[in-house]
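# An overview of the molecular structure
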Amino acid sequence: MAQTFETVGVVGLGTMGAGIAEVFARSGRRVIGVEADDAALERGRGHLERSTGRAVAKGKLTEDAQREILGRVTLTTSRADLADADLVIEAIPEIMEFKRVLFADLDRVCKPSAVLATNTSSLSVTAIAAGTSRPGRVIGMHFFNPAPVMKLVEVIHTVVTDDGLADDIAALARSLGKTPITAGDRAGFVVNRLLLGYLNHACALLEAGVAGRDDIDAAMKLGVGLPMGPFTLLDLIGLDTSYEVCEVLFRETRDRRHAPAPVLRELVTAGLLGRKTGRGFYSYGEAAPATPEARQAASVSTVGIVGGGPEAATLATAVERAGFKPVVAESADLTPVGDADVVLALSDRPVVELAVRLPHPERLAGLHLVGDEVAEVASTVLTSPETTAAVHDLVQILDRTPVMCGDRAEFVVNALLYAYLNDAVRMLESGYASAGDIDTGMRLGCGYPAGPLEMLDAIGLEAVRDGLRALYAEYREPAFAPVPLLDQLVTAGVRSIREYAG
Ligand SMILES: NC(=O)c1ccc[n+]([C@@H]2O[C@H](COP(=O)([O-])OP(=O)(O)OC[C@H]3O[C@@H](n4cnc5c(N)ncnc54)[C@H](O)[C@@H]3O)[C@@H](O)[C@H]2O)c1
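Below is a summary of the structure that appears in this document. Since we're looking at a predicted model, the values are computed, not measured. Numbering of residues starts from 1 in every chain and runs along the sequence as written. Selection of residues for local features in this predicted model requires a pLDDT of at least 70, selection of side-chain atom pairs for listing and counting requires 80 or more, and totals for whole chains, interfaces and linings are taken over all residues. Side-chain metrics in this entry use all non-hydrogen atoms of the structure; hydrogen atoms and water are not considered.

Remark: the centre distance and the inter-plane angle together describe each pair of aromatic rings, the angle taken between the planes. Pairing of aromatic rings covers Phe, Tyr and the six-membered ring of Trp, with a centre-to-centre limit of 6.5 Å; geometry is then stacked below 30 degrees between planes, edge-to-face above 60, and tilted otherwise. Counted under the stated rule, the structure contains five aromatic pairs. The interplanar angle of 50° and the centroid separation of 6.1 Å between the aromatic rings of Tyr198 and Tyr420 together place this pair among those described as tilted. Taken as a pair, Tyr198 in helix 7 (residues 191-207) and Tyr420 in helix 15 (residues 413-430) lie far apart in primary sequence, 222 residues in all. When its relative accessible area of 3% is taken as the criterion, Tyr198 is described as buried. Plain terms: the ring middles of Tyr420 and Tyr448 are 6.3 Å apart, the flat faces sit at 80° to each other, and that makes the pair edge-to-face. Here Tyr448 lies in the loop between helix 16 (435-446) and helix 17 (452-459) and Tyr420 lies in helix 15, a separation of 28 residues in the sequence. Where helices and strands are cited, they refer to DSSP runs of H or I of at least four residues and of E of at least two residues respectively, numbered from the N terminus. Summary of the burial criterion: residues with accessible area below 20% of their type's maximum are buried, those above 50% are exposed, and those between are partly exposed, where the area comes from a 1.4 Å probe applied to protein chains only.

Structure (structure tokens):
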């Protein structure tokens, strides 16, 4: 029969530990919260009282229920009080030496049957377990922030974890109202491995000057429907933490995609760690700069559109409705748009090769419509600043958010998105996690509207494979080359990677 873990110890009552203690107390279990000293203990008590207090204020919890929950939690600075605990979860800072020392001590204090779990985001659970006399009873139980809200728990087993223990911990997570995914001990586990690769890639695009901070954030938030853009998220996670997790990933994978971007190192060294220090990629506490009003793209009367099909027709109608005269070049013959004031090349590929075929190459910019809200505007090395400004305004008049970027393969959205989807396929192909767990992990761990394999199916395997080929051809980054599994599924005519993976 699965163990039920009636008494649970939580060591470290900071951001994560206080939330984890609350989750267990809410489930009716007895909780022993341990902090380093009295001052930290009081801070931990404050976290618990404020968090449950907010639930009362929102009408989600009665005052009686709050009293009961808090009454189940005993707070102490003595680890000896953990002697009776069935399970102890560690949530102290992400420093291996601290964790090793703590686990050696817990091993001494706790009863032999007790399970010792770590909430580490990135450190090796195996290395933590190896420092105890009970490595088979040491496991990862990775909650997400804020623990009372986020539904995902990653259960991490090692090569020496006792048979059945991961299942028991997964059952425990379910009994807390969480959704567990179980995986082996690899740097970053499922969620952070996929997430940090993508966030670090956004830093690389910023550093290469392909697009600016706000444009990249808008692209991913409005274009893909993610809860926030990568730089907002990095600031929220903390740039120091993000840097460290990338370091750990890189040490294991030796994949340049995980090598922390230099801009992260620079910001961290300067003490700009994100929200918690008031400044990171963004500054907090300052009024946001006003969004400039869309000017009427004043000097423009004729708008050339290069492209065919319904997208070009819809764009031509919208341009006309906005008071401009559209002219369309549907075929390889660009003559119809030769004299237009600006030329929009509908494309998700670099457009400079079209520009050089025009009498006024400085009047052309690439336009990639993403979803219903965003249009990427790609300026080539020949595009004039006046054209870039006019197209920016025109896009706003057409009721879309312009994402200004350089004329690079896959521009911004698809460059970031497809590389991330490729990483997910690589993870699936390696056998590290199932398709269901990968999708569940990103949906519940990051609040994404869909998992990466769901997104891949929705976009189409072939489109993503072709996009990755273009990315690889442009940047020669090995991580962008389509994973063999993806290539083979396309060749074999398989349309759904989730159906294929069962
Ligand atoms: N913050 C997140 O978003 C997040 C998400 C998932 C996992 N994690 C992981 O959870 C762990 C804790 O992170 P956090 O953000 O809650 O950190 P935190 O700094 O907010 O909290 C750490 C707490 O541990 C206490 N502490 C330090 N040494 C101790 C000791 N020897 N005994 C008892 N208490 C001690 C500190 O006083 C502090 O209250 C880390 O391993 C982190 O990687 C963090």
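Around the ligand, the structure places 22 residues, and the nearest of them are Met16, Glu35, Glu94, Lys99 and Asn119. Asn145 is positioned such that a nitrogen or oxygen atom in its side chain is 3.3 Å from an oxygen atom of the ligand. Taken by itself the ligand offers 840 Å² of open surface, and the protein chains cover 74% of this. Put simply, the parts of the chain that give the shell around the ligand at least two residues each are helix 1 (15-26) and strand 6 (138-143). Whether a residue is near a molecule or strand depends on its heavy atoms: if one lies within 4 Å, it is near. N or O atoms closer than or at 3.5 Å make up a polar contact, with two conditions inside protein: a donor-capable atom paired with an acceptor-capable one, and, for residues adjacent in sequence, both atoms drawn from side chains. To be clear on the numbers: accessible area is Shrake-Rupley with a 1.4 Å probe, and residue cover counts the displayed protein chains and nothing else.

Axes here mean lines fitted to C-alpha atoms, for a helix over just the part in contact, with angles spanning 0 to 180 degrees between N-to-C directions. Where helix 7 meets helix 10 (residues 239-253), the axes come as close as 10 Å, and the angle between the chain directions of the two elements is 110°. In terms of their interaxial angle, helix 7 and helix 10 are classed as roughly perpendicular. Judged by residue contacts, Asn192, Arg193, Leu196 and Asn200 of helix 7 engage Ser242, Val245, Cys246, Leu249, Glu252 and Thr253 from helix 10. Oblique is the label for every angle not falling under 35 degrees (roughly parallel), over 145 degrees (roughly antiparallel), or within 65 to 115 degrees (roughly perpendicular). Note on contacts: a residue pair is in contact if any heavy atoms of the two residues lie within 4.5 Å.

Phe281 and Val412 are the most contacted members of the largest nonpolar core, which totals 84 residues. The element contributing the most residues to this core is helix 15, with 12 residues. Residues within four places of Phe281 in sequence aside, it is in contact with Cys203, Leu206, Arg213, Phe231, Leu234, Asp235, Leu239, Val263, Leu264 and Leu267. Grouped together as the second largest cluster of nonpolar side chains are 37 residues, Val8, Val23, Leu75 and Leu87 included. Nonpolar cores were defined as sets of buried Ala, Val, Leu, Ile, Met, Phe, Trp, Tyr and Cys residues, with membership established by side-chain atoms within 4.5 Å.

Together, Arg50, Arg54, Lys58 and Lys60 give the surface a local cluster of positive charge. Relative to the assigned elements, Lys60 resides in the loop between helix 2 (38-57) and helix 3 (63-71). Looking at Lys60, the relative accessible area reads 66%, which means it is exposed. Patch criteria: residues need more than 30% relative accessible area and no salt bridge. Like-charged residues are merged within 9 Å; nonpolar side chains of Val, Leu, Ile, Met, Phe, Trp and Tyr are merged within 5 Å. In what follows, salt bridge is the name for a side-chain nitrogen of Lys or Arg lying within 4 Å of a carboxyl oxygen of Asp or Glu. Asp and Glu are treated as the negative residues and Lys and Arg as the positive ones, with His and the ends of the chain left uncounted. To locate a charge, take NZ of a lysine, CZ of an arginine, CG of an aspartate or CD of a glutamate.

Here we take up the sheet that holds strand 1 (residues 7-11). DSSP-based pairing: two strands are paired if at least 2 bridges between them are found. Here we have eight strands laid out as an open sheet, ordered 3-2-1-4-5-6-7-8, and mixed in their pairing. Edge positions in the sheet fall to strand 3 (73-76) and strand 8 (179-183), since each of these pairs with one other strand and no more. Strand-to-strand twist of the sheet, defined as the mean angle between neighbouring strand axes without regard to direction, takes the value 25°. Pairing between strand 1 and strand 4 (residues 87-90): four bridges, direction parallel. Counted as the bridge partner of Val10 is Ile89 from strand 4.

Next up on the list: the environment of Leu421. Checked against the element boundaries, Leu421 lands in helix 15. It is 8.8 Å that separates the C-alpha atoms of Leu421 and Leu194, two residues lying 227 residues apart in sequence.

Looking now at a nonpolar patch on the surface. A contiguous nonpolar patch, built from Val356, Val381 and Leu382 and spanning about 310 Å² of accessible area, is present on the exposed surface. Considering the arrangement of structural elements, one finds Val356 in the loop between helix 13 (352-355) and strand 12 (364-370).

What follows is about the packing of helix 8 (residues 213-224) against helix 9 (residues 230-237). In contact at an axis separation of 7 Å, helix 8 and helix 9 are set at 100° when each is read in the N-to-C sense. Relative to helix 9, the element helix 8 is oriented roughly perpendicular. Facing Arg213, Ile216, Asp217 and Met220 of helix 8, the residues of helix 9 in contact are Pro230, Phe231 and Thr232.

All right, on to empty space enclosed by the protein then. A pocket, in this scheme, is an open set of points on a 1 Å grid over the protein atoms alone with protein on both sides within 12 Å along at least 5 of 7 lines, while a cavity is a set where a 1.4 Å probe fits but cannot get out; residues line either one if an atom lies within 4 Å of a point. Grid points are joined across faces, edges and corners, and a volume is the space filled by probe spheres set on the points. Tallying each qualifying case throughout the model produces one cavity of 30 Å³ or more. In this structure, the largest cavity spans a volume of roughly 30 Å³. The wall of the largest cavity is formed by Tyr198, Met220, Val224, Leu226, Leu417, Tyr420 and Tyr448. Of all the elements in the fold, those that place two or more residues in the lining of the largest cavity are helix 8 and helix 15.

Picture the strands of a sheet paired through backbone hydrogen bonds; they go either parallel or antiparallel. Taking strand neighbours across the sheet as the criterion, the six strands line up as 10-9-11-12-13-14 in an open arrangement whose pairing is mixed. Each end of this open sheet is capped by a strand with a single partner; those strands are strand 10 (325-329) and strand 14 (401-406). Averaged over all adjacent pairs, the angle separating strand axes in this sheet is 30°, with direction ignored. In the sheet, strand 12 pairs with strand 13 (residues 374-379) via six bridges, with the strands oriented antiparallel. Looking at the pairing, Leu369 lines up with Ala375 of strand 13. Where helix 8 meets the sheet, it contacts strand 12, strand 13 and strand 14, and its direction lies at approximately 130° from that of strand 14.

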